[in-house]
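What follows is each chain in one-letter form.
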Amino acid sequence: TWVLGSLRKQWYQRRVREGLARWTRKVDLFAMDLIMIPIHLGMHWCLAVIDNRNTTITYYDSLLGDNHQCTASLRDYMVAEHLAKKKTPMNASSWKLVIEKDLPEQLNGCDCGVFACKYAEYVSQDRPFDFDQSDMPYFRRR
């Protein structure tokens with residue numbers, strides 16, 4: 001069972017890499033300051049941000065969860081993308097991986113998507129987070 005599961009995982013990961021390569025075929029990810037990546041965990045939305053200005057990958061989770069696999073996978077993808085597009089290796093250790101904990105926290109089971117969108121909005125504008133759970137009904141109406 002482990003071998004079959006492992007082969008499926010390898011096949012899936014290869015398919016994901018191939019799909020990403022098609023999506024970014026005509027895009028230079030390294031020319032962008034910020035890359036916002038919504039992360040869906042089945043029943044929960046989070047946000048990952050690749051910051052090329054500071055070589056940082058930050059994970060934002062309104063339930064304050066840890067997802068080190070996500071940040072490491074994104075770093076590995078950026079390293080592979082650099083090699084594929086720029087034809088030069090990139091030092092993986094130059095990337096700082098952050099699981100942000102100083103952020104507005106979700107207090108219910110249904111606002112994770114709104115939180116992820118607001119994190120993206122504020123990060124893209126270099127604004128400090130100045131909202132909380134009580135602001136969610138307002139954000140939903142906008």
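Note that the structure is a prediction, hence the values are computed from the model and not measured. (Residues numbered from 1 in each chain as written. Predicted model: local features only at pLDDT ≥ 70, side-chain atom pairs only at ≥ 80, totals over all residues. Heavy atoms only, no water.)

**Observations concerning the environment of Lys85**
Argument step 1. When you line up the elements, Lys85 lands in helix H2 (residues 68-86).
Argument step 2. With a relative accessible area of 34%, Lys85 lands in the partly exposed category.
Argument step 3. Measuring from C-alpha to C-alpha, the distance between Lys85 and Arg25 comes to 8.8 Å, with 60 residues separating the pair along the chain.
Argument step 4. Lys85 has contacts with Thr24, Arg25 and Val27, leaving out every residue within four places of it along the chain.
Argument step 5. Within the local environment of Lys85, its side chain forms a polar contact with the backbone oxygen of Val27, the two atoms lying 3.4 Å apart. (Helix = DSSP H or I, 4+ residues; strand = E, 2+ residues; numbered from the N terminus. Buried < 20%, exposed > 50% of the residue type's maximum accessible area, 1.4 Å probe, protein only. Contact = heavy atoms within 4.5 Å. Polar contact = N/O pair within 3.5 Å; in protein donor to acceptor, adjacent residues only side chain to side chain.)

**As for the nonpolar core**
Argument step 1. Judged by nonpolar contacts, the single largest core of 16 residues is most densely connected at Ile37, Ile39, Ile50, Leu74 and Met78.
Argument step 2. For this core, the secondary structure elements donating two or more residues are strand S1 (34-40), strand S2 (45-51), strand S3 (56-60) and H2.
Argument step 3. Ignoring anything within four residues of it in the chain, the contact list for Ile39 reads His44, Trp45, Cys46, Leu47, Ala48, Tyr59 and Cys70.
Argument step 4. Among the nonpolar cores identified, the runner-up in size contains 15 residues, and Leu103, Val123, Met136 and Phe139 belong to it. (Core = buried A, V, L, I, M, F, W, Y, C linked by side-chain atoms within 4.5 Å.)

**Some points on the pattern of salt bridges**
Note on pairing: side chains with opposite charge can pair once their charged atoms come close.
Argument step 1. Under the counting rule described, the total for this entry stands at 9 salt bridges.
Argument step 2. Ionic pairing is found between Lys101 and Asp66, a salt bridge with its closest N-O pair at 2.8 Å. Residue Lys101 is found in the loop between strand S4 (96-100) and helix H3 (112-124), and its partner Asp66 is found in the loop between S3 and H2; the two are separated by 35 residues along the sequence.
Argument step 3. For Lys101, a relative accessible area of 37% corresponds to the partly exposed category. (Salt bridge = Lys/Arg side-chain N within 4 Å of Asp/Glu carboxyl O.)

**Comments concerning the confidence of the model for the protein chain**
Argument step 1. On average, residues of the protein chain carry a pLDDT of 89, and 88% of them reach 70 or more.
Argument step 2. Ignoring residues within four places in sequence, the model shows residues 1-7, a span with pLDDT below 50, making 0 contacts including any to other chains. (pLDDT = per-residue confidence, 0-100.)

**Some points on the environment of Glu81**
Argument step 1. Here Glu81 shows up in helix H2.
Argument step 2. With relative accessibility at 6%, the residue Glu81 sits in the buried group.
Argument step 3. Sequence separation between Glu81 and Arg25 is 56 residues; the distance between their C-alpha atoms is 10.0 Å.
Argument step 4. Other than its neighbours up to four places away in sequence, Glu81 contacts Thr24, Val27, Leu29, Phe30 and Lys86.

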